[in-house]
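The lines below spell out each chain.
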Amino acid sequence: MQMKLKLTVAAAIAAVAGVALAQEVVKIGHVAPMSGSQAHYGKDNENGVRMAIEDLNAQKVVIGGKTIKFEIAAEDDAADPKQGTAVAQKLCDAKVAGVVGHLNSGTTIPAAKIYNDCGIPHVTGAATNPNLTKPGYKTTYRIIANDNALGAGLAFYAADTLKLKKIAVIDDRTAYGQGVAEVFAKIAKTKGIEIVDQQFTTDKATDFMAILTAIKSKKPDGIFYGGMDAQAGAMLRQMDQLGLSSVKFFGGDGICTTEIVKIASGAKSLEGVICAEGGSSIAKMPGGTAWKAKYDAKFPGQFQIYSPYTYDAAFVLVDAMKRANSTDPKVYVPKIIETNYKGVTANIAFEPSGEMKNPSMTLSTYKDGKKIALN
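Residues numbered from 1 in each chain as written. Predicted model: local features only at pLDDT ≥ 70, side-chain atom pairs only at ≥ 80, totals over all residues. Heavy atoms only, no water.

Going by what an unreviewed UniProt entry lists, the protein is known as Branched chain amino acid ABC transporter substrate-binding protein and is assigned to Rhodoferax fermentans. The record in UniProt for the protein states the following under Sequence similarities (unreviewed entry): "Belongs to the leucine-binding protein family." (UniProt positions renumbered as here; feature names shortened; annotations may be inferred.)

What follows is the structure, encoded as structure tokens:
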């Protein structure tokens, strides 16, 4: 009898241990440019997801009776739409549970259809073109203000605060750059600003002297650039060479980075930059200051702009999994639209379209080589 009791107790202990040790590996995809001139953005975004996964694993999340071990499935889209769709399909084939990304609107928009077709949700904290959510995919979500807000906010500031009258517009012909430039120009015109010239370049260009020389002849008070910091920084240097240092230089979140300071290489024109980014400044985010200190300790000198959003995006996916008690996208995707998550960046909730409810926006400028919030 005593022997039988010992065996029964041992079996019970083994059963309990088995439950405690049951583990499921869940992969969360991340896509951004990890090569090329935008790699600094991509690395920052990926760092945010890696931090989220580390923090989630420390919580020992239990879903469906199993302890979940989260892993990142990281991919490089090189800011190229074709590569973006290729890696989106790769993540679908790998059956990841969800995706954080992409960074660029030009890669995110075509990738969104791929994710929709295979039923995998993706949350972007960086792609801002309003067209992203227009198809109405139930798998597409954005946790940052879109270009309608950013372009309009800059136009209002140019007209109402700076009282500018003549502005030239340049864009890089990408979905992001062209989109935000068009919004800015449209709103600026309604505010009485004359758009004296509209030029375009590419997201690979380095020489803007011909464009800037043509613009100089129109004597603008400001220049708006729809594009990324690699080109904007070079423009600022070339504006100095052409005597345009006193002309205000506007742009969206693509130029609103710390890296632009390095690229501008001491250009006086940098102090005339006014840029807009979706969301609050780090200091005004609910958990921004503490999170940034942790980020800087882990990834010194790598912070750019979007990593707090990619961090939150990973948590938004997992929050929906918890509420559905499942890591299966078929089961938990319907829970994403019901999100009410207190993140590092904001309290995150969604409109039926997948856009974030009540997104905030921050305008910034640069002084003594540092980015400073204007609001």
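Peer 1: Looking at this model, I keep getting lost on empty space enclosed by the protein. Mind explaining?
Peer 2: If a probe as big as a water molecule is rolled over the atoms, it shows which places are left empty. Evaluated as defined, the whole model comprises 1 cavity of 30 Å³ or more. Taken together, Leu103, Asn104, Ser105, Ala126, Ala127, Thr128, Tyr176, Met228, Asp253, Gly254 and Tyr306 make up the lining of the largest cavity. Each of two domains, domain 1 (24-145 + 284-360) and domain 2 (147-277), supplies a minimum of three residues to the lining of the largest cavity. (1 Å grid on protein atoms, 1.4 Å probe; cavity = no way out; pocket = protein on both sides within 12 Å on 5 of 7 lines; lining within 4 Å. Points joined across faces, edges and corners; volume = space filled by probe spheres on them. Domains from an automatic or database assignment.)

Peer 1: Help me out: how do you make sense of the state of the cysteines in this one?
Peer 2: For the structure shown, the criterion picks out 2 disulfides. Cys256 shares a disulfide with Cys275; S-S distance 2.1 Å. Between Cys256 and Cys275, the S-S torsion sits near 60°, and that sign places the bridge as right-handed. Of this pair, Cys256 sits in the loop between strand E10 (248-251) and helix H9 (259-264) while Cys275 sits in strand E11 (residues 273-278); the two residues are 19 residues apart in sequence, bridging distant segments of the chain. In this pair, the class of Cys256 matches that of Cys275, namely buried. With its bonded cysteines labelled in order along the sequence, the protein shows the pairing 1-2, 3-4. (Disulfide = S-S within 2.5 Å. Helix = DSSP H or I, 4+ residues; strand = E, 2+ residues; numbered from the N terminus. Buried < 20%, exposed > 50% of the residue type's maximum accessible area, 1.4 Å probe, protein only.)

Peer 1: How should the domain arrangement of the protein be read in this particular structure?
Peer 2: It is common to report an interface's size as the accessible area lost on association of the parts. Its domain assignment divides the protein into domain 1 (24-145 + 284-360) and domain 2 (147-277). The C-alpha-based centres of domain 1 and domain 2 are spaced at 29 Å. Taken together, the 19 residues of domain 1 in the interface contact 19 residues of domain 2. Approximately 1500 Å² of surface area, both sides summed, lies buried where domain 1 meets domain 2, with 49% of it carried by carbon and sulfur atoms. (Contact = heavy atoms within 4.5 Å. Buried area = accessible area lost by both parts, 1.4 Å probe.)

Peer 1: For this particular structure, what's the right way to read the side chain of Thr257?
Peer 2: Mapped onto the fold, Thr257 is located in the loop between E10 and H9. In this structure the side chain of Thr257 is engaged in a polar contact, spanning 2.7 Å, whose partner is the side chain of Asp229. The contacts of Thr257, once residues within four sequence positions are left out, are Tyr41, Asp229, Gln304, Ile305 and Tyr366. (Polar contact = N/O pair within 3.5 Å; in protein donor to acceptor, adjacent residues only side chain to side chain.)

Peer 1: Honestly, the sheet that holds E10 in this entry has me stumped. Any pointers?
Peer 2: Where strands meet in a sheet, backbone hydrogen bonds hold them as pairs that are either parallel or antiparallel. Here 7 strands make up an open sheet; going across it, the order is E8-E7-E9-E10-E11-E14-E15 and the pairing mixed. Taken across any chain shown, the strands that pair with only one partner, and hence form the sheet edges, are strand E8 (194-200) and strand E15 (370-373). When the angles between neighbouring strand axes are averaged without regard to direction, this sheet yields 25°. Here strand E7 (residues 166-171) pairs with strand E9 (residues 222-226) via 5 bridges, running parallel. Counted as the bridge partner of Ile170 is Tyr225 from E9. Across the sheet, helix H7 (residues 209-216) touches E7, E8 and E9, and the angle it forms with E8 is around 165°. (Pairing = 2+ DSSP bridges. Axes fitted to C-alpha atoms, helices over the stretch in contact; angles between N-to-C directions.)

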